[in-house]
Amino acid sequence: MRHAVTILRTLLLGGLLAVPALSALADTPDANVLYNHHCAICHGVSRLGGIGPALLPDNLLRLKADEAISVIRDGRPATQMPAYRELLSEEEVAALAEWIFTPPEHEPRWEEADILASHELSHPYGSLPDAPVFEVEDLKNLFLVVEIGDHHVSLLDGDTFERITRFPSRYALHGGPKYSPDGRYVYFGSRDGWVTKYDIYNLAVTAEVRAGINMRNIAVSPMAATCWRATTCPTAWCCSMPATSS
Ligand code: HEC
């Protein structure tokens, strides 16, 4: 009998001790669940990006931890990034901000098939006029201003400093624009691995491809068959395609 009471006491004590531990667990926000519910629609199911940029540690090197908290809580004005202060508690915002800097359980991959599937060809080579659609004194004296903060590019007439056009770029361009040898095309690389080909004469994006998940720079070969080359992380990818066909 005495033995039974001891067991009962132990069980009760164990039960009592277990209660706070369980409730603490229940109070810890599950960032993965929150992400899938609130963020995946724009930032991608595997955090690879979509309407919003990729949210993986290698892609967030320039974002400070406290900035991440304020972006999630207050949103980014004049962008599609919403403010979550009404929807999420301080703890949930903090849990999400910490989680996006944590590498995912499975290393995300971006294979050749993904690269090819991402290729968008809005204007095939040769389908647009060969003369500029705008007038300038010297076609060789144009320059581009990359606006890092709001993800736009402006094309300026180098003689008059007048703006010829301004267009939206991919999120966070990296490494500076690269020109085709004749100066007609310009290539931009973005932090999230997008390579964009822009036809200066026609003021139009002609093709895009996502060459990787995270990219530092691109180079354009001066050879006759001009190439796009992208080095990306986490997997080092070299992706070359003739500029004439893409
Ligand atoms: C409706 C689309 C949308 C939703 C939903 C959304 N975001 Fe965003 N988010 C964006 C866009 C677009 C940007 C880029 C804003 C800019 O141009 O600076 C962004 C930017 C961010 C950034 C800054 C990234 C950087 O490199 O500076 C973080 C962090 C972020 N979002 C986290 C979240 C989290 C966490 C959620 C869910 C709680 C979320 N976002 C939901 C669209 C969205």
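That block above? That's the structure.
Scope of this entry: the structure provided in the associated data block. (Residues numbered from 1 in each chain as written. Predicted model: local features only at pLDDT ≥ 70, side-chain atom pairs only at ≥ 80, totals over all residues.)

1. Quick notes on the overall build of the protein chain
The criterion, for reference: What counts as a helix is a DSSP run of H or I of at least four residues, what counts as a strand is a run of E of at least two, and both are numbered from the N terminus. Labels follow a simple rule on C-beta atoms placed from the backbone: if 20 or more others lie within 10 Å of a residue's own, it is buried; if 12 or fewer, it is exposed; otherwise it is partly exposed. Contact between two residues is assigned when their C-beta atoms, built from the backbone, lie within 7 Å.
Looking only at helices and strands, the protein chain features five helices and ten strands. Within the span of the protein chain, comprising 246 residues, buried residues form 23% of the whole. Counted over contacts in the protein chain with a minimum sequence separation of 6, partners at least 24 positions apart contribute 45%.

2. Remarks on the nonpolar core
Looking at soluble globular proteins, one finds that nonpolar side chains tend to be buried together. We apply this condition: Working definition: the nonpolar core is a set of buried Ala, Val, Leu, Ile, Met, Phe, Trp, Tyr and Cys residues, joined through C-beta atoms within 7 Å.
Counting 16 residues, the largest nonpolar core has Tyr187, Val195, Val209 and Ala211 as its most contacted members. Secondary-structure elements contributing two or more residues to this core are strand E6 (185-190), strand E7 (194-199), strand E8 (204-210) and strand E9 (214-220). Membership of the second largest hydrophobic core comes to twelve residues, among which are Leu34, Leu55, Ala68 and Ile213.

3. Describing the site of the ligand
The cut-off we apply is this: Each residue gets a C-beta atom placed from its backbone. Should that atom fall within 6 Å of a molecule or strand, the residue is termed near it. In the scheme used here, Gly and all other residues not listed as nonpolar or charged are polar, with Ala, Val, Leu, Ile, Met, Phe, Trp, Tyr, Cys and Pro taken as nonpolar and Asp, Glu, Lys and Arg as charged.
The ligand sits among 23 residues. The nearest are Cys39, Cys42, Gly52, Thr79 and Met81. Those elements that provide at least two residues to the shell around the ligand are helix H2 (31-43) and helix H3 (65-74). It is H2 that provides the largest number of residues to the shell around the ligand, a total of five residues. Its residues assigned to classes, the shell around the ligand comprises 16 nonpolar, six polar and one charged.

4. Overview of the sheet that holds E6
Backbone hydrogen bonds are what pair the strands of a sheet, in a parallel or an antiparallel way. Just so we agree on the cut-off: Pairing between two strands requires that DSSP report at least two bridges joining them.
Taken together, five strands build an open sheet; the order of strands is E1-E8-E7-E6-E5 and the sheet is antiparallel. Because the sheet does not close on itself, it has two edges, and the strands there are strand E1 (120-121) and strand E5 (173-179). Pairing geometry for E5 and E6, over four bridges, is antiparallel. Across the sheet, the residue bridging to Tyr179 is Val186, located in E6.

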